[in-house]
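Here are the chains, one letter per residue:
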Amino acid sequence: MNIVILTGAGVSAESGLGTFRDVDGLWTKYRIEDVATPEAFARDPDFVQDFYNLRRRNCAEATPNAAHFALARLEAELEGEVLIVTQNVDDLHERAGSKRLIHMHGELLKSLCASCEDRLPLKGEMPTSPCQKCGGGPLRPDVVWFGEMPYRMEEIWNALRMADLFVSIGTSGNVYPAAAFAQDAGRAGADTLELNLEPSDGASDFADARYGKATDIVPVWVEEVLSAS
Ligand code: APR
Ligand code: ZN
C-alpha cells in the first residue's frame, strides 16, 4: 500500500507553532508581501530576517505532537511506502522520527546563499556575515516564498501518480500546487482522505474526510490503517 500524506500548519498547531490563516494566524499579524516574497527581502532584508529568526526560535521551543509521532509510526510499521510531503518549514516531522519527507516549501533550519545557492544547517539567528563558500550572498532562509517554485515537484507528482491513498492533514487548501494534489492523486486512481479541524477550501476534492484536532484524529486513523493492513 503506497500512502502519500500532505501536511500543513494544522499538524504543528498543537505544538504551539502558529498556523497562517486561522483567526490568530501569522497572516493576521504580518502581511505576506512584507515577509514572504523575494521583493520583501530585497526591500527590507532585516525585517524579513527578524520574522524568520522569531519563527526559528519558536520552532526550537516546540516539540512534536501525537500527530507527528503517529505519522512516524505509520512509516515505521506499515507494509508499504509512506511519503510525507510537508508544506511546513519546521523540523517536527524529523524530530518525531519520520524519514521519507519532502519539504516542498523549504526548511526554516537551513540558510541559502542567494548567490551560489549553498545551503547550510541553521539553528539560531541568521548570520550577518557573507556566504562562506562564495563570499557573496546575502544569506536568506531556505524557505520558498510566494512567487518561487516549490522544491522537488517532479518527485511529488510521481508519488501522487503511484499512490493508493492520498491523505491531507492540517492544511486549508489555499496555496497551489499543494491545493491540487487531491485532484492529481484522485485522477490517477488513489483514494483521498482529508483529516482537518474543519472542511478545507478543497474539501470537495476528497472522497472521505474526518474532522477534529490532529492529535485526536491522526493517531486513531493510523491505528486503524495499521490494524487493517
Ligand atoms: N488540527 C488539525 N487541523 C488544524 C488544527 C489542528 N489542531 N489547527 C488548525 N488546523 C487547520 C485549519 O483548519 C486550517 O485548515 O489547519 C489549516 C491551516 O491552514 P493554513 O493556516 O492556511 O496553513 P497551510 O494550509 O499549511 O498554508 C499553506 O501557505 O502561507 C503559506 O507557505 C505557507 O505552507 C504555507 C501554505
Ligand atoms: Zn554563496
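Going by the structure above, here's the rest.
Procedures and definitions
- Residues numbered from 1 in each chain as written.
- Chains lettered and ligands numbered in written order.
- Predicted model: local features only at pLDDT ≥ 70, side-chain atom pairs only at ≥ 80, totals over all residues.
- Heavy atoms only, no water.
- Core = buried A, V, L, I, M, F, W, Y, C linked by side-chain atoms within 4.5 Å.
- Buried < 20%, exposed > 50% of the residue type's maximum accessible area, 1.4 Å probe, protein only.
- Helix = DSSP H or I, 4+ residues; strand = E, 2+ residues; numbered from the N terminus.
- Contact = heavy atoms within 4.5 Å.
- Donors = N, O, S within 2.8 Å, 3.2 Å for Na, K, Ca; no water.
- Tetrahedral: all angles 85-135°; square planar, octahedral: opposite > 155°, others 65-115°.
- Pairing = 2+ DSSP bridges.
- Axes fitted to C-alpha atoms, helices over the stretch in contact; angles between N-to-C directions.

**A word on the nonpolar core**
No. 1: With 23 residues, the main nonpolar core has Ile3, Ile5, Leu74, Val167, Val218 and Trp221 as its most contacted residues.
No. 2: Those elements that place two or more of their residues in this core are β1 (2-7), α5 (66-77), β2 (81-86), β7 (165-169), β8 (191-196) and α9 (214-228).
No. 3: When sequence neighbours within four positions are dropped, the list of residues in contact with Ile3 reads Leu74, Leu78, Glu81, Val82, Leu83, Leu165, Val167, Trp221 and Val225.

**Notes on the coordination of the zinc ion (ligand 2)**
No. 1: Protein-derived coordination of the zinc ion (ligand 2) comes from Cys113 (SG), Cys116 (SG), Cys131 (SG) and Cys134 (SG), at a distance range of 2.2 to 2.3 Å.
No. 2: Relative to the metal, the four donor atoms surrounding the zinc ion (ligand 2) lie at angles of 106 to 116 degrees, and the coordination shape comes out tetrahedral.
No. 3: On the primary sequence, the residues serving as donors to the zinc ion (ligand 2) are separated as C-x2-C-x14-C-x2-C. Residue Cys113 is found in strand β4 (residues 106-113), and its partner Cys134 is found in the loop between β5 (119-121) and β6 (139-143); the two are separated by 21 residues along the sequence.
No. 4: The partly exposed category is assigned to Cys134, whose relative accessible area is 37%.

**Looking at the sheet that holds β2**
Strands belonging to one sheet form pairs held by backbone hydrogen bonds; the direction of such a pair is parallel or antiparallel.
No. 1: On the basis of which strands lie adjacent, the open sheet formed by six strands has the order β3-β2-β1-β7-β8-β9 and parallel pairing. Across the chains shown, the open sheet's two edge strands, defined by having one partner strand only, are β3 (101-103) and β9 (208-211). On average, each strand axis in the sheet is tilted by 15 degrees relative to the strand beside it, whichever way the strands run.
No. 2: Strand direction decides the pairing type here: β1 and β2, joined by six bridges, are parallel. Its bridge partner lying in β2, Leu6 is registered against Val85.
No. 3: Contacting β1, β2 and β7, α5 runs over the sheet at an angle of about 160 degrees to β1.

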